[in-house]
Amino acid sequence: MHSQLVLELVGYAASILVAISLMMSSILKLRVINLVGSAAFVVYGALIGAYPVAVVNLLIVFINLYYLRQMLASREYFKLLQVSPDDEYLRAFLDFHAAEIKRFLPEFRYAPDARLLVFFVLRDMVPAGLFIGERREDGCLRVMLDFVIPQYRDFKTGRYLFTDQAHFFRGHGIREIVSAPGNDVHTQYLRRMGFNPVSAGEPHGPHRLTIA
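Our subject in this report is the structure included herewith. (Residues numbered from 1 in each chain as written. Predicted model: local features only at pLDDT ≥ 70, side-chain atom pairs only at ≥ 80, totals over all residues. Heavy atoms only, no water.)

1. A closer look at the overall build of the protein chain
For clarity, the cut-off: Under the scheme used here, helices are H or I runs from DSSP no shorter than 4 residues and strands are E runs no shorter than 2 residues, and both carry numbers assigned from the N terminus. Note on method: radius of gyration uses C-alpha positions; expected globular size equals 2.2 Å times residues raised to 0.38. Three labels apply to residues, based on accessible area from a 1.4 Å probe with only protein chains included: buried if under 20% of the type maximum, exposed if over 50%, partly exposed otherwise in between. With residues, only the protein chains shown are counted as cover, and all accessible areas are computed by Shrake-Rupley using a 1.4 Å probe. We treat Lys and Arg as the positive residues and Asp and Glu as the negative residues; His and chain ends play no part in the count. To locate a charge, take atom NZ for lysine, CZ for arginine, CG for aspartate or CD for glutamate.
Tallying secondary structure elements over the protein chain gives eight helices and seven strands in all. Rg of the C-alpha trace for the protein chain: 22 Å, well past the compact-globule value of 17 Å for 212 residues, more than 25% over. Here the C-alpha coordinates of the protein chain stretch approximately 70 × 40 × 30 Å along the principal axes. Each of the 212 residues in the protein chain was classed as buried or not, and the buried ones make up 38%. Accessible surface computed for the protein chain: about 12700 Å², of which carbon and sulfur atoms make up 61%. Charge-centre separation for the protein chain: the mean point of 22 positive side chains lies 5 Å from the mean point of 19 negative side chains.

Structure below.
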């Protein structure tokens, strides 16, 4: 009875992992979770003697490994595309992603202003993210929006922006970037991008990145 329960748990775990993988907006996450789920199905099929199930899922494991290797080995092209605060495409992008932006930043309202620094982050010439910041005279840039569309939320866009493009910000006279995280996930993202709390006593308060 105990071994039967273990087999059933393996089968349920495999099914749940495969189902979860199909809900991932990130293709990388989908492949990784689906790989683990398929591997669990291989074990499950072998243990219960359902060899067709094991063979099919072993094939899926190799397919996932193949595409994961391609994804991790491929070099993506990144580029910043600065636009004016009243750009027409900018408006269209904000309207299209309004619901997703509101989910993370319910208080965000956009109003064109000459003080704003606005640009898209392109990945292989696809607008993967949008950055809007308010420039201040003291060289500080206050982040109003740092939005990445779901399928590109793998930290590559953020690393390119905040690590590789420091010269872009320096060219605009910016010495530091300040961002107020909206939730714990946003706080973790900022930490991974090199931001630190402005006040040591407020770990979830505004975070600051000094431009080297």
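2. Overview of the sheet that holds strand β1 (residues 78-83)
In plain terms, the rule: Any two strands with at least two DSSP-identified bridges between them are counted as paired. Any pair of residues with heavy atoms lying within 4.5 Å of one another is described as a contacting pair. Only the contacting stretch of a helix is used when fitting its axis, a line to C-alpha atoms as for every element, and angles between N-to-C directions run 0 to 180 degrees.
Judged by pairing direction, the sheet is mixed, and its seven strands sit side by side in the order β1-β2-β3-β4-β5-β7-β6 without closing on themselves. The strands lining the two open edges of the sheet, one partner per strand, are β1 and β6 (196-197). Here strand β2 (residues 116-123) pairs with strand β3 (residues 126-135) via eight bridges, running antiparallel. Bridge pairing in β3 places Phe-120 opposite Leu-130. Sitting on the sheet, helix α4 (residues 88-96) touches β1, β2, β3 and β4 (140-148), and the angle it makes with β3 is about 105°. Along the sheet face, helix α6 (residues 156-164) touches β1, β2, β3, β4, β5 (176-179) and β7 (207-210) and points at about 70° away from the line of β1.

3. Examining the pairing of β5
Taken together, the three bridges between β4 and β5 define a ladder with parallel strand orientation. Residue pairing in the sheet places Leu-141 in a bridge with Ile-177 of β5. For β5 and β7, the ladder comprises four bridges, and the chain directions are antiparallel. Bridging from a neighbouring strand, Ser-179 pairs with His-207 of β7.

4. Let's talk about the pattern of salt bridges
What counts here: Throughout this description, the term salt bridge denotes a Lys or Arg side-chain nitrogen within 4 Å of a carboxyl oxygen of Asp or Glu.
Counting across every chain of the model gives nine salt bridges. We note a salt bridge from Glu-134 to Arg-115, for which the minimum N-O separation is 3.4 Å. Taken as a pair, Glu-134 in strand β3 and Arg-115 in the loop between α5 (98-104) and β2 lie far apart in primary sequence, 19 residues in all. Judged by relative accessible area, which is 13%, Glu-134 ranks as buried. Using a relative accessible area of 46% as the deciding quantity, one classes Arg-115 as partly exposed. Overlapping salt bridges bring together Glu-76, Arg-123, Asp-154 and Lys-156 as one network.

5. Notes on the nonpolar core
Rule in force here: Among the buried residues, those of types Ala, Val, Leu, Ile, Met, Phe, Trp, Tyr and Cys that are joined through side-chain atoms within 4.5 Å form a nonpolar core.
Ranked by internal contacts, the top residues of the largest apolar core, which has 22 residues, are Phe-119, Phe-162, Phe-169 and Ile-177. The set of elements that each furnish at least two residues to this core consists of β1, β2, β4, α6, α7 (166-171) and α8 (184-192). Not counting residues up to four positions away in its chain, the partners in contact with Ile-177 are Leu-141, Val-143, Phe-162, Phe-169, Phe-195, His-207, Arg-208, Leu-209 and Ile-211. Leu-116, Phe-120, Leu-130 and Val-148 belong to the second-largest nonpolar core, a separate cluster that totals 19 residues.

6. Concerning the packing of helix α2 (residues 27-48) against helix α3 (residues 51-73)
In plain terms, the rule: Comment on the angle field: the value is read as roughly parallel under 35 degrees, roughly antiparallel over 145, roughly perpendicular from 65 to 115, and oblique elsewhere. The hand of a helix crossing depends on one turn: near helix anticlockwise from the far one by less than a right angle means left-handed, and clockwise means right-handed. Charged means Asp, Glu, Lys or Arg here, nonpolar means Ala, Val, Leu, Ile, Met, Phe, Trp, Tyr, Cys or Pro, and polar covers whatever is left, Gly included.
Put simply, α2 and α3 touch, their axes get as near as 8 Å, and they point 155° apart. Classed by the angle they form, the pair α2 and α3 counts as roughly antiparallel. Here α2 runs over α3; the crossing is left-handed. Tallied by class, residues from the contact of α2 with α3 come to 20 nonpolar, five polar and one charged.

7. A word on a nonpolar patch on the surface
Note the threshold: Patches draw on residues past 30% relative accessible area with no salt bridge. Two like charges within 9 Å are joined, as are two nonpolar side chains (Val, Leu, Ile, Met, Phe, Trp, Tyr) within 5 Å.
Together, Tyr-12, Ile-16, Ile-20 and Met-23 make up a nonpolar patch on the protein surface, roughly 440 Å² of accessible area in all. Within the secondary structure, Ile-16 is located in helix α1 (residues 2-21).

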